[in-house]
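Notes for the structure review
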Amino acid sequence: MTLYPQLIRDALATVRYPGNGKNLIENEMLDDDLRIDGLRVSFSLVFEKATDPFRKSMVAAAKTAIHTYVSPDVEVTIETKAKTELPPEPEKLLPGVKNIIAVSSGKGGVGKSTVTANLAIGLAKMGYRVGLLDTDIFGPSMPKMFQVEDERPYAENIGGRDLIVPVEKYGVKLLSIGFFVNPDQATLWRGGMASNALKQLIGEALWGDLDYFILDTPPGTSDIHLTLLQTLGITGAVIVTTPQQVALADARKGVDMYQNEKVNVPILGLVENMAWFTPAQHPDEQYFIFGRDGGKDLAAELNVPLLAQIPLIQDVCESGDNGMPAVLDPASPAGMAFMSLAAKVVTQVDKRNLEMPKTERVAVEH
C-alpha cells in the first residue's frame, strides 16, 4: 500500500486527548515534521508541558490508531515535544561557520549540483574547512556524487543534545536528506514538512568550525529557499546557468530572488556551465551547442562577476555518476576550470566581506 499524510491525520483524529476531550488534530498536537518512507512513519506530538501526565498514553494510543485505521504493517516512530522546549535561536545554529554560500539555478538541468560538488571539493583541496548541505529535499543528488549512498549518519550526544554527525569525504562534511529516505521512492512531503527536515539538518548537526558552508539549493524558487533565507544569514549566492536563452531567463529570476529588497543576499557571481562541448579525442576544439557566451553576457548585463565557464566534457558527467567529481583531477580541463572557480569564489567572498555588512536573516512575516 502507499501511505500519504492525510491517512495518518485521519487516524490520529480518532485519538482523544483526556485533558479536554478534543482529538489530536483538533488540539494541533501533530507537529510539522510528519515523514513517510515506504511503510515507515515518524512524527512528533506536541504537549503544553514536558510533565504532561498523558504523554505516554497518547503515544501508545496514536500508534494503535495508525495500526488500526491504516495498517498493522506500518512502522511508527513518535517523538514528544513540549511547547516550553524552545529550539536554539537561528543565529546561534552555526556559531563556528564563517561563510555560507548558496549555489542556485533558475531551472533544473543546468548542472548546479555538479558545480556545487566540485566547488566544495575544490575549496577543501585549497585547505579550507568545508561543509556541504544538500537542501534539495525532493531530489537529493549529493550522496551519489560523493559515492556515499549507503552511508547512514548517526547521532552523537554533545552537551546534552543529540547531533547528527555529517559524512566526510574528499575533505568535505556532507549531509543530505538522501541519507534518510528510500532513494527508489518519491518523498511525499508538504512544504512545511520539508522545511522542518531542512532545519533539523542545519541546526541539529555537528557541523563544527567551517570556513565555507555550501548550500546546494533546489532549482527555481520555493519554500526551501525561503526557509534557508529565514534561518541563515547567507554570505552570498552563486548562480549557475547554461548559455541557452531559456536558462538565462530563469537565471535572471534567481538573481532577482536574492537581490529582492527584503532579501539582500549579495550575488558572488555567475557560473556558465556547459559553455562549450569539447570532444575527448580533440581537446583543443570547441563546439557551442547551447549558444555562445550567454552566461558571460548575462553577467555583464547584471553587473555581477563571471566566475567560470565550465566546458561540457564527457568526463564531467561520468565522474559525477561514479562519485569521483572532476575537480579531483586538477590537471584535466574540467578540473582546472573547477579549481579556478573555487579560487574566484574565495576572492569574491573576501571582497564581499570587506565591503559589505553581514547578511541578516529574512524576517518572518505573519
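Here, the structure is the one placed above.
Residues numbered from 1 in each chain as written. Predicted model: local features only at pLDDT ≥ 70, side-chain atom pairs only at ≥ 80, totals over all residues. Heavy atoms only, no water.

This part covers the sheet that holds strand 2 (residues 40–47). Pairing is mixed across the open sheet formed by three strands, whose spatial order is 1-2-3. Looking along the sheet, the strands with just one partner apiece sit at the ends: strand 1 (35–37) and strand 3 (75–82). Strand-to-strand twist across the sheet, computed as the mean angle between neighbouring axes with direction ignored, equals 15 degrees. In this sheet, strand 2 lies alongside strand 1 in antiparallel orientation, the contact comprising three bridges. The residue bridging Asp37 from the neighbouring strand is Arg40, located in strand 2. Packing against the sheet, helix 2 (residues 55–69) makes contact with strand 2 and strand 3, and its axis sits at approximately 150 degrees to strand 3. (Pairing = 2+ DSSP bridges. Helix = DSSP H or I, 4+ residues; strand = E, 2+ residues; numbered from the N terminus. Axes fitted to C-alpha atoms, helices over the stretch in contact; angles between N-to-C directions. Contact = heavy atoms within 4.5 Å.)

In an α-helix there are 3.6 residues to a turn, and that puts residues three or four apart on one side. The end-to-end C-alpha distance of helix 10 (residues 333–355), which contains 23 residues, comes to 33 Å, matching closely the 33 Å that a straight helix rising 1.5 Å per residue would cover. By the burial criterion, the buried members of helix 10 are Ala334, Gly335, Ala337, Phe338, Leu341, Ala342, Val345, Val346, Gln348, Val349 and Arg352. (Expected span 1.5 Å × (residues − 1). Buried < 20%, exposed > 50% of the residue type's maximum accessible area, 1.4 Å probe, protein only.)

This part is about the side chain of Ser71. With respect to the helices and strands, the residue Ser71 is situated in the loop between helix 2 and strand 3. Leaving out residues up to four positions away in the same chain, Ser71 has contacts with Met1 and Ile66.

Time to look at the sheet that holds strand 13 (residues 306–309). Across the sheet, which stays open at both edges, the eight strands sit in the order 8-9-5-10-4-11-12-13 with mixed pairing between neighbours. Taken across any chain shown, the strands that pair with only one partner, and hence form the sheet edges, are strand 8 (167–169) and strand 13. Strand-to-strand twist of the sheet, defined as the mean angle between neighbouring strand axes without regard to direction, takes the value 25 degrees. Pairing between strand 4 (residues 97–104) and strand 10 (residues 210–216): six bridges, direction parallel. Across the sheet, Val103 pairs through a bridge with Asp216, a residue of strand 10. Packed onto the sheet, helix 3 (residues 112–125) meets strand 4, strand 5 (130–134), strand 9 (172–176), strand 10, strand 11 (236–241) and strand 12 (267–272) and runs at close to 170 degrees relative to strand 10. The sheet strands contacting helix 8 (residues 294–302) are strand 11, strand 12 and strand 13, and the helix crosses strand 12 at an angle near 160 degrees.

This paragraph deals with the packing of aromatic side chains. The geometry of an aromatic ring pair comes down to the distance between the two centres and the angle between the two planes. Evaluated as defined, the whole model comprises four aromatic pairs. Here Tyr128 and Tyr212 contribute two aromatic rings whose centre-to-centre distance is 5.2 Å and whose plane-to-plane angle is 90 degrees, an arrangement assigned as edge-to-face. Placement of Tyr128 in the loop between helix 3 and strand 5 and of Tyr212 in strand 10 is noted, with a sequence separation of 84 residues between them. (Phe/Tyr/Trp six-rings, centres within 6.5 Å; stacked < 30°, edge-to-face > 60°.)

For Gln147, which is not a glycine, the phi torsion comes out positive at approximately 55 degrees. Secondary-structure assignment places Gln147 in the loop between helix 4 (142–145) and strand 6 (155–158). Within the chain, Asn264 stands out as a residue other than glycine whose phi angle is a positive 55 degrees. Along the chain, Asn264 falls in the loop between helix 7 (245–259) and strand 12.

Moving on: the packing of helix 1 (residues 5–12) against helix 2. In the contact formed by helix 1 and helix 2, the axes pass within 8 Å of each other and the chain directions differ by 120 degrees. With respect to helix 2, the axis of helix 1 lies oblique. Between helix 1 and helix 2 lies a crossing whose hand is right-handed. Across the interface between the two elements, Ile8, Ala11 and Leu12 of helix 1 pack against Ala62, Ala65, Ile66 and Tyr69 of helix 2. Split by residue class, the contact of helix 1 with helix 2 holds seven nonpolar, no polar and no charged. (Parallel < 35°, antiparallel > 145°, perpendicular 65-115°, else oblique. Left-handed = near helix turned anticlockwise from the far one by under 90°. Nonpolar A, V, L, I, M, F, W, Y, C, P; charged D, E, K, R; others polar.)

Next up on the list: the pattern of salt bridges. In total, this model carries eight salt bridges according to the counting rule given. A salt bridge links Asp33 to Lys81; the shortest N-O distance between them is 3.8 Å. Residue Asp33 is located in the loop between helix 1 and strand 1, and its partner Lys81 is located in strand 3; the two are separated by 48 residues in the primary sequence. When its relative accessible area of 9% is taken as the criterion, Asp33 is described as buried. The class of Lys81 is partly exposed, set by a relative accessible area of 30%. In this structure, a network of salt bridges that share partners links the residues Asp31, Asp33 and Lys81. (Salt bridge = Lys/Arg side-chain N within 4 Å of Asp/Glu carboxyl O.)

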